[in-house]
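The lines below spell out each chain.
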Amino acid sequence: MTIHDCIVVGGGPAGLSAALVLARARRDVLVIDGNRPRNRATYMSHGFITRDGTPPMRLRELGREDLARYPNVTFQWGEVVAVAGGDGDFTVTVTGVRGGPSGEVRARKILLATGVQETLPAVPDLIGYYGSSIFSCVHCDGWERREQSLVVMGENPELVNTAKRASQWADQEIVLTNGSGVVEAAEAAVLGRRGIVVDDTPIVHLRGDHGTLSGVELADGRVIAATGGFVQPEWSLPQFVAELVPTAADLGGVKTDEYGRSGVPGVYAAGDVRGVTPSQLIIAAGEGARAATGLNNDLIFARFE
Ligand SMILES: Cc1cc2nc3c(=O)[nH]c(=O)nc-3n(C[C@H](O)[C@H](O)[C@H](O)COP(=O)(O)OP(=O)(O)OC[C@H]3O[C@@H](n4cnc5c(N)ncnc54)[C@H](O)[C@@H]3O)c2cc1C
């Protein structure tokens, strides 16, 4: 069986960018992608210079087209379920998706670019509006919601900071804790001084049509008019990642040095999987490029030892 120089797990901006740098470093690279990006909920991705407004799947397609020019890169649709072995000889178990092959593949190095899995707050109907009217990243999607009446919803203590950030774009803003009471009185007072009301009434229904929000119905019968909003999701790592490498306590991502080296020799990580904030496409791509240079340098310098 071929032993690739590197298997990149994840074909989002982090993984594709890493693969491009490795390809150009004459490495034999296999990219394996499960095709479940976090931003698949949305129609347009913003803030990636030269690609502002490009649909997320198109951005990835363009990345794969770049890679297709290099004969030393292979792309494969699949879900990695386990990584065994160690630095110099890893065995990766893959379950094929979209017609991709299942089985085992081997590599000297592993680069984790899986992103994170998102759990949305328990707001009824949210899934129907997430990515069209309601988002999680103000710097990604605030511009399209500028000067609108916005709701900031969630049950996570980070809600207060999301509310503060959203104020840069909102004309009017209300914070809905969905009955969680997660915003303390002192914090509610701080927001109140900027005209942002915090309401603890549970949410029963989001009103709107085909993903276009018009209002939020509360348990006491009131309807808050709103055309968009932000939520604070919880993030988690794919199970095989959490089992493979040490994670950082604070943000829950894979712990690495500045060149993406994880606590396990031969395993690198880049992009959202590191729990980095802000979590953005261009930052993930930059991280992928940097981890790839770290990985390639390690392979080069090992030759001189
Ligand atoms: C609704 C929404 C809108 C957003 N809008 C923007 C925006 O406009 N601008 C912006 O800059 N950012 C935006 N973001 C954030 C952006 O999507 C992420 O920061 C970025 O995609 C992270 O890139 P990544 O390569 O680290 O991970 P991802 O893009 O999530 O890619 C990870 C890939 O790894 C694959 N994968 C996961 N586990 C496995 C496995 N076990 N085996 C194989 N493959 C696996 C996944 O299927 C996925 O394809 C948005 C996010 C969301 C949720």
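Residues numbered from 1 in each chain as written. Predicted model: local features only at pLDDT ≥ 70, side-chain atom pairs only at ≥ 80, totals over all residues. Heavy atoms only, no water.

Enquirer: Even after reading the chapter, I still don't get the layout of surface pockets, so can you show me in this structure?
Expert: Over the atoms, a rolled probe matching the size of one water molecule traces out where space is still vacant. Its boundaries defined by the atoms lining it, the second largest pocket holds a volume of some 270 Å³. For the second largest pocket, the lining is made up of 14 residues, of which Phe-48, Leu-59, Leu-62, Gly-63 and Asp-66 are closest to its centre. Among the secondary structure elements, those contributing two or more residues to the lining of the second largest pocket are helix H1 (13-24) and helix H2 (56-68). A class-by-class count of the residues in the lining of the second largest pocket yields 8 nonpolar, 3 polar and 3 charged. (1 Å grid on protein atoms, 1.4 Å probe; cavity = no way out; pocket = protein on both sides within 12 Å on 5 of 7 lines; lining within 4 Å. Points joined across faces, edges and corners; volume = space filled by probe spheres on them. Helix = DSSP H or I, 4+ residues; strand = E, 2+ residues; numbered from the N terminus. Nonpolar A, V, L, I, M, F, W, Y, C, P; charged D, E, K, R; others polar.)

Enquirer: Just to check I follow, could you spell out the site of the ligand for this structure?
Expert: Close to the ligand lie 36 residues, the nearest being Asp-33, Arg-36, His-46, Val-80 and Leu-281. Contact distances for the ligand include 2.6 Å between an oxygen atom and a side-chain N or O atom of Asp-33. In the environment of the ligand, an oxygen atom lies 2.9 Å from a nitrogen or oxygen atom belonging to the side chain of Arg-60. Here the ligand loses 98% of its free accessible area of 1,000 Å² to cover by the protein chains. Counting residues per element, the shell around the ligand draws most heavily on strand S3 (residues 73-86), at 3 residues. (Near = heavy atom within 4 Å. Polar contact = N/O pair within 3.5 Å; in protein donor to acceptor, adjacent residues only side chain to side chain. Areas by Shrake-Rupley, 256 points an atom, 1.4 Å probe, with all protein chains shown as cover.)

Enquirer: Whenever I open this one, the pairing of strand S8 (residues 149-153) confuses me. Can you help?
Expert: Sheet faces and side chains relate simply in a regular strand, where the side chains alternate between the two faces. Burial analysis of S8 places 4 of its 5 residues in the buried class, which makes it a mostly covered element. Sheet analysis places S8 next to strand S9 (residues 172-176), joined by 5 bridges and oriented parallel. Paired with Ser-149 across the strands is Gln-172, a residue of S9. On the question of chirality, the crossover connecting S8 to the parallel S9 by way of helix H4 (residues 159-166) is right-handed. Taken together, the 4 bridges between S8 and strand S14 (residues 228-231) define a ladder with parallel strand orientation. Considered in S14, the bridge of Met-153 is made with Val-231. (Buried < 20%, exposed > 50% of the residue type's maximum accessible area, 1.4 Å probe, protein only. Pairing = 2+ DSSP bridges. Right-handed = clockwise from strand over helix to strand, strands pointing away.)

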